[in-house]
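# Close look at the chain arrangement
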Amino acid sequence: HLFTDPAEIDALRGNLLAWYDRCKRDLPWRAVAATEQDADRRGYAVWVSEIMLQQTQVATVIDYYNRWMQKWPTLQALAQASLEEVNELWAGLGYYSRGKRLQEAARKVVSELAGRMPRTAEDLQKLLPGVGRYTAGAIASISYGQATGVVDGNVIRVLCRLRCIGADASSPAVIDQLWDMANVLVDRSRPGDFNQALMELGATVCVPKAPVCGECPVKQHCQAWRRKLFGKPPPVPDVEDCGVGDCPLCLPATEPWDSSLGVTNFPRKAAKKPPRAMRTATCVLERRGCHGALEYLIVQRPSSGLLAGLWEFPSLQLAQDMQEEKEREELAHHLQAWMGWPMAAKGLQFIGEVIHIFSHIHQTYVVYSLHLDGDVTLDPASSPSRWVTKDEFHASAVSTAMKKV
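Note that the structure is predicted; figures quoted are calculated from it, not measured.

### Quick look at helix α9 (residues 153-162)
- For α9, a buried count of eight out of ten residues is recorded, marking the element as mostly surrounded by other parts of the structure.
- Where α9 is concerned, the buried positions are V155, I156, R157, V158, L159, C160, R161 and L162.
- Check the buried side of α9 and you find it contacts α1 (6-23), α10 (172-185), α11 (191-204) and α12 (223-230).
- C164 sits one or two residues past α9 and shows a positive phi near 50 degrees.

Below you can see the structure in the form of structure tokens.
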């Protein structure tokens, strides 16, 4: 499974880099100059893009990235921003703790590291909150020229197909092998370009379904492609070490090669746990503002946990099997305790249900509305709150789920 032939490694590097130079996508974070005097500027740009790209598609990230860099073009500018501003710009991108950690790390660079970013993968991972092994490797190789590999979802898929790695690609043992492989392959003279080329290949050619093998610049090095063509495993150096059922990287005997899948036999992943179901009652409280426009009450979520620090309509988590009448009573009781005056459950108007899927939660929002004739004096001990117009609501740091509500 491993790359051991220097001639093959050199050929793979050359073919991949030549393809990248011809075919790479025009992405905004690639436009930042890589000169020494701009190294930290490029490091910041790559850092922002890599954090945004975690769990999020490139097409979605581009607009967010451009707005972010326009508002905070330097690490120093970001360090001076408020968390509220960061959350407002991040709203809709998901996984909101990413933006919070990015700002925390920027402040640390300015206050503790004299405004100079760490320049090796080891220091980036050790010193910057929210920067893991992959992000550290990407920044260090792309911005500072460190010859270190990277392993993300795209790279996992490419390497597993290149070397017919059929063991669970999410297992720590396989991930360690893939990191070792990435560090062997990375081009020493163009490490950043090589790593981007490997990721680009996975994103545009060696895709999860229907890969375009005919356009692959490294197909002659791909064992999965050869197996698809010839219908049998490629020869291995020592059959006692590989291919007889005991190899920790081969396809498991219980899930052998499926000829109908071709190269998409790889990678194999463990079955995901189904997301847990949650129900939440949400009340859209509205009033007429002093200028006659409708205003809505929003409250701030706790500073930790899911959607930390974002704003939402007053909400209450419900038991899964609760009847609608009981849900209405629970919500009325919650609002009554919160606002300090009696509220009849029958005053809440049921609007409907909104379903939103988080990575690990299947969330159902049971939506009610209530029109108030005057202001509300809230319990000072309750969460921060404010009245907003519809436009102000959409400009606030609110989640996509609340916009659906």
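### Considerations on empty space enclosed by the protein
- Enumeration according to the criterion identifies one cavity of 30 Å³ or more in this entry.
- In this structure, the largest cavity encloses a volume near 130 Å³.
- Around the largest cavity, the lining comprises 15 residues; the ones closest to its centre are R161, C206, C213, C216 and C222.
- For the lining of the largest cavity, the element with the highest residue contribution is α9, accounting for three residues.
- Of the residues belonging to the lining of the largest cavity, the class tally is 13 nonpolar, no polar and two charged.

### A closer look at the nonpolar core
- Formed by 106 residues in total, the largest nonpolar core has its most connected members in Y44, W47, M52, Y65, W68, M117 and L201.
- Here the element with the most residues in this core is helix α2 (residues 39-53); it accounts for eight residues.
- Mapped onto the domain boundaries, this core takes at least three residues apiece from domain 1 (6-204) and domain 2 (276-395).
- Apart from residues no more than four positions distant in its own chain, W68 is found in contact with Y44, V48, M52, L78, V86, L89, W90 and L102.

### What to know about the layout of surface pockets
- Counted as a void, the largest pocket has a volume near 1700 Å³.
- Around the largest pocket, the lining comprises 45 residues; the ones closest to its centre are D152, G153, N154, R157 and K269.
- Going through the elements one at a time, α2, α3 (58-71), α8 (133-144), α9 and α11 are the ones with two or more residues in the lining of the largest pocket.
- Split into classes, the residues belonging to the lining of the largest pocket amount to 22 nonpolar, twelve polar and eleven charged.

Rules used throughout
Residues numbered from 1 in each chain as written. Predicted model: local features only at pLDDT ≥ 70, side-chain atom pairs only at ≥ 80, totals over all residues. Heavy atoms only, no water. Buried < 20%, exposed > 50% of the residue type's maximum accessible area, 1.4 Å probe, protein only. Helix = DSSP H or I, 4+ residues; strand = E, 2+ residues; numbered from the N terminus. Contact = heavy atoms within 4.5 Å. 1 Å grid on protein atoms, 1.4 Å probe; cavity = no way out; pocket = protein on both sides within 12 Å on 5 of 7 lines; lining within 4 Å. Points joined across faces, edges and corners; volume = space filled by probe spheres on them. Nonpolar A, V, L, I, M, F, W, Y, C, P; charged D, E, K, R; others polar. Core = buried A, V, L, I, M, F, W, Y, C linked by side-chain atoms within 4.5 Å. Domains from an automatic or database assignment.

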